[in-house]
Amino acid sequence: MRARILSLCHCPIAREHHQHGDKVDASIVNLTPVLGMRDLGCRRVTLAPGSHAWPFHFHHNNDEMFVVLKGKGSVRLGDKRYPIVEGELIAAPAADPDCAHQIINDSDEPLTYLCISSMNAPDVTEYPDSGKFQVVTGSAPGGDKASRGFEHTGLRKDTVDYWQDED
């Protein structure tokens, strides 16, 4: 396989519109397949004013890094919120609840950033605001859903005893 070069300014890849309720409004371009990457994920995300792309979360098995390309907004990291602007780099190492994160466009203009991540499966993602978790196997979060052998989203409070219903 040859190295690939892709222009972010004139990207020919179709955008996926990601919307939920009145706070999630994002245009997402999955760059990973076109670049031929397997173990490193990359998406270009553009947030509409007043929106975010995903809930506040952290991964147990995947590092994430964000590069702000255009615009400004804020990032929730752990229990703090920081302003972000073009040119800044944000790290969210795996397995650290203090690095739970969410990028928010609290400006009046679009906010565009790259989301770069390791692509390890299995992974567990926790969502501190809602008490949910998600387990995926076969492909990492953001990876090919058709390759997943198991995917489950549940509530941490619903934990059962290991031996429940076993003989």
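Residues numbered from 1 in each chain as written. Predicted model: local features only at pLDDT ≥ 70, side-chain atom pairs only at ≥ 80, totals over all residues. Heavy atoms only, no water.

Now for the sheet that holds strand E7 (residues 80-85). Pairing is antiparallel in the open sheet, where three strands are placed in the order E7-E6-E9. Each end of this open sheet is capped by a strand with a single partner; those strands are E7 and strand E9 (101-104). Geometrically, the sheet is characterised by an average inter-axis angle of 25 degrees between neighbouring strands, direction not taken into account. (Pairing = 2+ DSSP bridges. Helix = DSSP H or I, 4+ residues; strand = E, 2+ residues; numbered from the N terminus. Axes fitted to C-alpha atoms, helices over the stretch in contact; angles between N-to-C directions.)

Nonpolar side chains tend toward joint burial in soluble globular proteins. Judged by nonpolar contacts, the single largest core of 16 residues is most densely connected at Leu-47, Ile-90, Ile-103 and Tyr-113. Of all elements in the fold, only strand E2 (24-30), strand E3 (40-47), strand E5 (64-70), strand E6 (72-77), strand E8 (89-92) and strand E10 (111-118) reach the threshold of two or more residues within this core. Residue contributions to this core peak at three residues, all from E10. Not counting residues within four places of it along the chain, the set of residues in contact with Ile-103 comprises Leu-47, Ser-51, His-52, Ala-53, Phe-66, Ser-74, Val-75, Ile-84, Ile-90, Leu-111 and Tyr-113. (Core = buried A, V, L, I, M, F, W, Y, C linked by side-chain atoms within 4.5 Å. Buried < 20%, exposed > 50% of the residue type's maximum accessible area, 1.4 Å probe, protein only. Contact = heavy atoms within 4.5 Å.)

Our next topic: the layout of surface pockets. Of the voids in this model, the largest pocket is the one considered here, and its volume is about 1100 Å³. Lining the largest pocket are 44 residues, and of these His-18, Arg-43, Trp-54, Pro-141 and Gly-142 lie nearest its centre. (1 Å grid on protein atoms, 1.4 Å probe; cavity = no way out; pocket = protein on both sides within 12 Å on 5 of 7 lines; lining within 4 Å. Points joined across faces, edges and corners; volume = space filled by probe spheres on them.)

Here the focus is the pattern of salt bridges. A complete count under the given rule lists five salt bridges for this structure. Across the salt bridge formed by Arg-156 and Glu-126, the nearest N and O atoms sit 2.6 Å from each other. Residue Arg-156 is located in the segment after strand E13 (150-155), and its partner Glu-126 is located in strand E11 (residues 123-127); the two are separated by 30 residues in the primary sequence. Of the residues examined, Arg-156 reaches a relative accessible area of 48% and is grouped as partly exposed. With a relative accessible area of 13%, Glu-126 lands in the buried category. In this structure, Arg-148 and Glu-151 form a salt bridge, with 3.1 Å as the shortest nitrogen-oxygen distance. (Salt bridge = Lys/Arg side-chain N within 4 Å of Asp/Glu carboxyl O.)

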